[in-house]
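Each chain is listed here by its residues.
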Amino acid sequence: MDMKRRIHLELRNRTPSDVRELVLDNCRSIEGKIEGLTSEFVNLEFLSLINVGLMSVSNLPKLPKLKKLELSDNRISGGLDVLAEKLPNLTHLNLSGNKLKDISTLEPLKKLEFLKSLDLFNCEVTNLNDYRESVFGLLPQLTYLDGYDQDDREAPDSDAEADGDGVDDEEDDEEGEEEEEDDEDAEEFDDDDEDEEDVEGEEDEDDVSGEEEEEEFGPDGEVDEEEEEDEEDEEGGGKGEKRKRETDDDGDEDDS
């Protein structure tokens, strides 16, 4: 995709003045130059043109609010004076992987008075003797070169740290919420266990009373048939004996 079309897509129905970040990595430049980017992007603060085949930044528009410019993995060999002219508030510049060979090609960057960080990884200039001392001497406003200051202290990634703090806070909040949920779940389980124990206790009492009732009335709630038969037998036996005695009495009367 060519750069002009990519810029059109990145706008997403916004006006150029609404855009603060613009990433055009890996699109095609025409004749190694920037195309489609205009001075209408007055509020642009971050511009990324990684691996777009740039050989020159000569037609870069004036972007007064731009602070970070990514130009790594292109074919730029010089002509950096336009950066100071068009990007007066630039603080971070990445020229890694370009065709910069001499310290002198970096001299125009002296005019970027707010430049704090410069990256030149994989440029031939980094192979020169006393490379770091020479660059820091040439650009006194510079704080970090290739990610380290003059005392070899690594540059803090302010954006990552800010994001990291937010992530940590969110993780802590999530962990706290999870712990609270676990405590609530544990309490619910305890309550459930107590309820189950109560229910089991009631069921045990019901079982005991049920067994007693079965003993008295049988499983169907009726008096056992065997007990009824025994009672009937006893009653029948009593009546039989009474009849026998009455018969014997009649016989005695007849004999007399």
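This text follows the structure it describes.
Presented here is a report on the structure given in the accompanying data block.

Basis of the calculations
- Residue positions are given per chain, counting from 1 as you read along its sequence in written order.
- This being a predicted model, a pLDDT of at least 70 is required before a residue's local features are given, and a value of 80 or more before pairs of side-chain atoms are given or counted; all residues contribute to the totals for chains, interfaces and linings.
- Note: side-chain values were computed over all heavy atoms of the structure, leaving out hydrogens and water.
- We count a stretch as a helix when DSSP gives it H or I for four or more residues in a row; a strand needs E for two or more, and each element gets its number in order from the N terminus.
- Note on classification: 1.4 Å probe, protein chains only; a residue is buried when its accessible area is under 20% of the maximum for its type, exposed when over 50%, partly exposed between these limits.
- The criterion for strand pairing is that DSSP finds at least two bridges linking the strands in question.
- For this quantity, the arc is that covered by the directions from the helix axis to the C-beta atoms.
- Residue contacts are defined here by distance: any two heavy atoms, one from each residue, within 4.5 Å place the two residues in contact.
- Throughout this description, a polar contact denotes any pair of N or O atoms lying within 3.5 Å of each other; where both atoms belong to protein, one of them has to be capable of donating a hydrogen while the other can accept it, and for residues adjacent in sequence the pair is counted only when both atoms sit in side chains.

1. Some remarks on the environment of Glu85
And then number 1: Tracing the backbone shows Glu85 in helix H2 (residues 81-86).
And then number 2: Judged by relative accessible area, Glu85 falls into the exposed class, the value being 54%.
And then number 3: Along the chain, Glu85 and Leu60 lie 25 residues apart, while their C-alpha atoms are 9.8 Å from each other.

2. Quick look at the sheet that holds strand E1 (residues 21-23)
And then number 1: With parallel pairing, 6 strands are arranged side by side in an open sheet as E1-E2-E3-E4-E5-E6. Unpaired on one side and paired on the other, E1 and strand E6 (144-145) mark the two borders of the sheet.
And then number 2: One ladder, built from 3 bridges, connects strand E3 (residues 68-70) with strand E4 (residues 92-94); its direction is parallel. When the sheet's bridge partners are listed, Leu69 is paired in E4 with Leu93.

3. Brief notes about helix H1 (residues 3-11)
And then number 1: Listed as buried for H1 are Met3, Arg6, Ile7, Glu10 and Leu11. Taken down its axis, H1 places every buried residue within 140° of arc, on the same side.
And then number 2: Elements in contact with the buried residues of H1: E1.
And then number 3: N-cap assignment for H1: the residue whose side-chain oxygen lies 3.2 Å from the backbone N of Lys4 is Asp2.
And then number 4: Of the residues flanking the end of H1, it is Arg12, one or two places downstream, whose phi is positive at about 50°.

4. Some points on unusual backbone geometry
And then number 1: Phi is positive for Arg12, which is not a glycine, with a value near 50°.
And then number 2: Take Arg12: it is sitting in the loop between H1 and E1.
And then number 3: On the basis of relative accessible area, Arg12 is assigned to the exposed category, the value being 59%.
And then number 4: Here Asp73, not a glycine, exhibits a phi torsion of approximately 60°, which is positive.
And then number 5: Residue position: Asp73 is located in the loop between E3 and H2.
And then number 6: On the basis of relative accessibility, which here comes to 44%, the residue Asp73 falls in the partly exposed class.

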